[in-house]
Amino acid sequence: MKFFLDTANIDQIKDAKDIGVLDGVTTNPTLIAMERESPEELYSTISSLVQGPVSIETVSNVTDEIVKQGQSFMKYGKNVYVKVANTKPGLKAVKILEDSGIHCNVTLTFSSSQAFLAAKAGATVVSPFIGRLDDISQDGMALIAEILAMYKPYGYKTSVLVSSIRHPIHIVQAAKLGAPIATMPYKVLEMMFKHPLTDIGFARFMKDWDSVKDKIEQKSIAR
Ligand code: E4P
């Protein structure tokens, strides 16, 4: 499963890249609004830092405007995916952009019927928001299972990008379902490292190694 970071924060992206787990980045207007730099600065820096796909979100619900915005995003790099909301004007734009060779990520997807339409429009990826569904007492992961099962018999090329991830269990469950991509906040990536037994075990090994070093020192003094 590919790991994307759901952020527009350059330091977080650099850190995930250094760890060696960064396959791509997804941004959205809310994430851009959290940063000090201008959208242009962020898009240009992120797309040059990241080797894999970088999703940049369009901000219109008029087909022609979405297409124009999407085309203009391509100046940031060949790895840019145009993020388009799952609406009727949005999916019309996706068809036009994909037909012209521009990859689209259909975002704000909350149902299997919406995901089916995204695939028929030719989207490269579809982003179902599982955390926001969980938030309103609907089973977000069940939606991922349904979309994967629904796409399979038809051989759609659209990849399911599991979005709105809240915790590491979401990652594990998505992987067990065979989802090809998950995009997570930096906080979730950090949580994936954590295990109290690792911390306890590591502290013990370090302490015991200190006693080994003490013994070696005492022996060399005795000689
Ligand atoms: C996906 O591309 C979105 O940017 C993101 O996953 C939304 O997540 P949120 O529900 O945590 O805002």
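Residues numbered from 1 in each chain as written. Predicted model: local features only at pLDDT ≥ 70, side-chain atom pairs only at ≥ 80, totals over all residues. Heavy atoms only, no water.

(A) Representation of the side chain of Asn86. Following the sequence through the fold, Asn86 ends up in the loop between β4 (80–85) and α5 (88–99). Within polar-contact distance, the side chain of Asn86 engages the backbone oxygen of Gln114 at 3.2 Å. The residues contacting Asn86, other than those within four sequence positions of it, are Leu91, Val106, Thr107, Leu108, Thr109, Gln114, Ala115 and Ala118. (Helix = DSSP H or I, 4+ residues; strand = E, 2+ residues; numbered from the N terminus. Polar contact = N/O pair within 3.5 Å; in protein donor to acceptor, adjacent residues only side chain to side chain. Contact = heavy atoms within 4.5 Å.)

(B) Main features of the sheet that holds strand β1 (residues 2–6). Around the barrel, eight strands lie side by side as β1-β2-β3-β4-β5-β6-β7-β8; this closed barrel has parallel pairing. The sheet shows a mean angle of 30 degrees between the axes of neighbouring strands, direction not considered. Of the pairings in the sheet, the one linking strand β3 (residues 54–57) to β4 comprises four bridges and is parallel in character. Paired with Ile56 across the strands is Val82, a residue of β4. (Pairing = 2+ DSSP bridges. Axes fitted to C-alpha atoms, helices over the stretch in contact; angles between N-to-C directions.)

(C) Layout of the environment of Met150. With respect to the helices and strands, Met150 occurs in helix α8 (residues 140–151). Dropping the residues within four chain positions of it, Met150 is found in contact with Ser112 and Phe116.

(D) Here's a closer look at helix α4 (residues 63–73). When α4 is considered as a whole, its buried residues turn out to be Thr63, Ile66, Val67, Gln69, Gly70 and Phe73. For α4, the buried positions fall inside an angular range of 165 degrees around the axis, keeping them on one side. Across from the buried face of α4, at angles greater than 90 degrees, the exposed residues are Asp64 and Lys68. Summarising the contacts, the buried residues of α4 are in contact with β3, β4 and α5. (Buried < 20%, exposed > 50% of the residue type's maximum accessible area, 1.4 Å probe, protein only. Arc of directions from axis to C-beta.)

(E) Seen up close, the packing of α4 against α5. Between α4 and α5, the least distance of the axes is 8 Å, while the angle of their chain directions is 45 degrees. The angle between α4 and α5 places the two elements in the oblique class. Read as a crossing pair, α4 and α5 show a hand that is right-handed. Of the residues in α5, those in contact with Thr63, Ile66, Val67, Gly70 and Gln71 of α4 are Pro89, Gly90, Lys92, Ala93, Ile96 and Leu97. The residue inventory of the contact of α4 with α5, partitioned by class, reads six nonpolar, four polar and one charged. (Parallel < 35°, antiparallel > 145°, perpendicular 65-115°, else oblique. Left-handed = near helix turned anticlockwise from the far one by under 90°. Nonpolar A, V, L, I, M, F, W, Y, C, P; charged D, E, K, R; others polar.)

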